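Chain by chain, the residues run as shown.
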Amino acid sequence: QQALPNVVILATGGTIAGAGASAVNSATYAAAKVGVEKLIAGLPELSKVANVRGEQVFQVASESLTNDNLMTLAKRVSALSKQSDVDGIVITHGTDTLEETAYFLTLTVHTSKPIVVVGSMRPGTALSADGALNLYNAVNVAGSKDAMGKGVLVTMNDNIDTGRDVSKNVNIKTNAFSSQWGPLGMIVEGRNYWFRAPVKRHTMNSEFDIDSITALPPVEIAMGYEGVSSVAIDAIAKSGAKALIHGGTGNGSVADRIVPNLQKARADGVIVIRSARVPDGFVIRNAEQPDDKYDWVVAHDLRPQKARILAMVALTKTNNTKELQRIFWEY
Ligand SMILES: NC(=O)C[C@H](N)C(=O)O
């Protein structure tokens with residue numbers, strides 16, 4: 001239909017494409033079973049709000065996605081966003097790493113067209129499955145003019161969050177996703193209600209572009225915890241990783257006994273990025289540790305898994321720690 005927006009659904013698997021043995025199986029099921037054509041056919045309401053077509057990019061549970069998958073997906077999103085017959089793009093995705101893919105697209109795809117990443121907590125075969133409404137909302141937002149220029153969005157549980165801020169904070173339950181700085185808005189009965197806009201650099205204002213990225217450097221994460229040893233840090237430093245994200249306790253604090261190991265890693269050329277394992281708040285430079293003296297970078301409010309995504313993208317352009325710190329403040 002001519003008056004309706006054209007929305008492409010790129011399907012990658014996850015629970016939104018999952019199937020269980022019976023309707024009471026809300027937690028015990030196989031992810032990534034249902035193809036995109038069946039997902040679309042199962043939701044005839046979509047045809048009233050957009051001209052929808054689907055592409056099956058992968059069929060996996062999101063915990064198994066790789067850096068290569070991420071690149072393939074982002075390049076496809078970028079190519080589609082340049083087509084005049086595409087108004088918006090939806091990516092169906094497993095929820096476990098949805099926040100990482102959404103942030104990667106936020107950083108690397110140059111478009112003002114809406115890109116919406118969506119998943120579900122229950123398979124479509126379950127009682128009170130959440131995927132159908134989440135997907136309906138995603139297609140609505142992707143086809144909306146008022147969603148343009150707002151970066152990559154996530155529509156879970158009626159909220160509209162930014163791909164940058166949102167994280168999976170609850171498992172099992174359908175209110176799994178939230179952003180510490182709040183959602184941008186809500187979608188109810190196909191209508192968007194906006195309350196705020198993102199201020200961090202994204203999509204068309206990003207200095208990174210997936211079209212010119214050919215490989216992502218290895219970046220690993222080591223967690224901080226009571227009783228932590230240097231085993232993980234030393235192994236990462238020796239592995240050829242270009243950066244090491246330390247998911248520290250509290251304000252990104254680092255146990256005194258592993259500070260020398262992180263200093264050694266830095267001296268050997270590994271970028272050390274100090275983040276926090278605490279879900280909310282942010283890491284202050286030179287508080288807890290003398291980052292200037294050690295030439296470390298702080299991850300601002302990014303959790304270890306999001307800091308890893310930004311580090312990989314940033315390292316495609318620079319390994320200067322001042323530049324990296326600027327990038328961590330701006331994105
Ligand atoms: N709810 C989900 O989608 C979880 C699943 N393990 C996935 O990320 O693919």
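Residues numbered from 1 in each chain as written. Predicted model: local features only at pLDDT ≥ 70, side-chain atom pairs only at ≥ 80, totals over all residues. Heavy atoms only, no water.

## Topic: the UniProt feature "domain: Asparaginase/glutaminase C-terminal" (unreviewed entry) in the chain
Here is step 1 of the chain: Taken from the UniProt record, the annotation "domain: Asparaginase/glutaminase C-terminal" (unreviewed entry) applies to residues 219-328.
Here is step 2 of the chain: A helix fraction of 37% and a strand fraction of 17% characterise residues 219-328, whose end C-alpha atoms lie 15 Å from each other. (UniProt positions renumbered as here; feature names shortened; annotations may be inferred. Helix = DSSP H or I, 4+ residues; strand = E, 2+ residues; numbered from the N terminus.)

## A word on the site of the ligand
Here is step 1 of the chain: In the region of the ligand, the neighbouring residues are G14, T15, A61, S62, E63, G94, T95, D96 and S120.
Here is step 2 of the chain: Between the ligand and S62 there is a distance of 2.5 Å, counted from an oxygen atom to a side-chain nitrogen or oxygen.
Here is step 3 of the chain: Within the side chain of D96, an N or O atom sits 2.9 Å from a nitrogen atom of the ligand.
Here is step 4 of the chain: In the complex, the protein chains occlude 91% of the 270 Å² of accessible area that the ligand would expose alone.
Here is step 5 of the chain: Tallied by class, the residues present in the shell around the ligand amount to one nonpolar, six polar and two charged. (Near = heavy atom within 4 Å. Polar contact = N/O pair within 3.5 Å; in protein donor to acceptor, adjacent residues only side chain to side chain. Areas by Shrake-Rupley, 256 points an atom, 1.4 Å probe, with all protein chains shown as cover. Nonpolar A, V, L, I, M, F, W, Y, C, P; charged D, E, K, R; others polar.)

## Comments concerning empty space enclosed by the protein
Here is step 1 of the chain: A full pass over the atoms with the stated rule returns two cavities of 30 Å³ or more.
Here is step 2 of the chain: Volume-wise, the largest cavity comes out at about 120 Å³.
Here is step 3 of the chain: Lining the largest cavity we find 14 residues, and of these D165, S167, Q180, D301 and R303 sit closest to its centre.
Here is step 4 of the chain: Of the residues contributing to the lining of the largest cavity, the split by class is three nonpolar, five polar and six charged.
Here is step 5 of the chain: Quantified by volume, the second largest cavity comes out at close to 30 Å³.
Here is step 6 of the chain: Forming the walls of the second largest cavity are T12, F58, L65, N69, L70, L73, H93 and T101.
Here is step 7 of the chain: Top contributing element to the lining of the second largest cavity by residue count: helix α3 (residues 67-81), with three residues. (1 Å grid on protein atoms, 1.4 Å probe; cavity = no way out; pocket = protein on both sides within 12 Å on 5 of 7 lines; lining within 4 Å. Points joined across faces, edges and corners; volume = space filled by probe spheres on them.)

## Considering the environment of S120
Here is step 1 of the chain: By the element assignment, S120 lies in the loop between β4 (115-118) and α5 (131-142).
Here is step 2 of the chain: Along the backbone, S120 and N157 are 37 residues apart, and their C-alpha atoms lie at a distance of 8.8 Å.
Here is step 3 of the chain: In this view, S120 contacts T15, I16, T95, D130, G131, N134 and M156; residues no more than four positions away in its chain are not counted.
Here is step 4 of the chain: Separated by 2.8 Å, the side chain of S120 and the backbone oxygen of R122 make a polar contact. (Contact = heavy atoms within 4.5 Å.)

## So, the UniProt feature "domain: L-asparaginase N-terminal" (unreviewed entry) in the chain
Here is step 1 of the chain: Here the UniProt feature "domain: L-asparaginase N-terminal" (unreviewed entry) sits at residues 6-197.
Here is step 2 of the chain: Between the first and last C-alpha atoms of residues 6-197 the distance is 24 Å; the span itself is 25% helix and 26% strand.

## A short note on the sheet that holds strand β11 (residues 219-223)
Here is step 1 of the chain: The four strands are arranged β11-β12-β13-β14 in an open sheet whose pairing can be described as parallel. Where the open sheet ends on each side, the last strands, each with one partner, are β11 and β14 (297-298).
Here is step 2 of the chain: Examined bridge by bridge, strand β12 (residues 243-248) and strand β13 (residues 271-276) share six bridges and lie parallel to one another. Looking at β13, one finds that L244 is bridged to V272.
Here is step 3 of the chain: Across the face of the sheet, helix α6 (residues 231-238) comes into contact with β11 and β12 while running at roughly 170 degrees to β11. (Pairing = 2+ DSSP bridges. Axes fitted to C-alpha atoms, helices over the stretch in contact; angles between N-to-C directions.)

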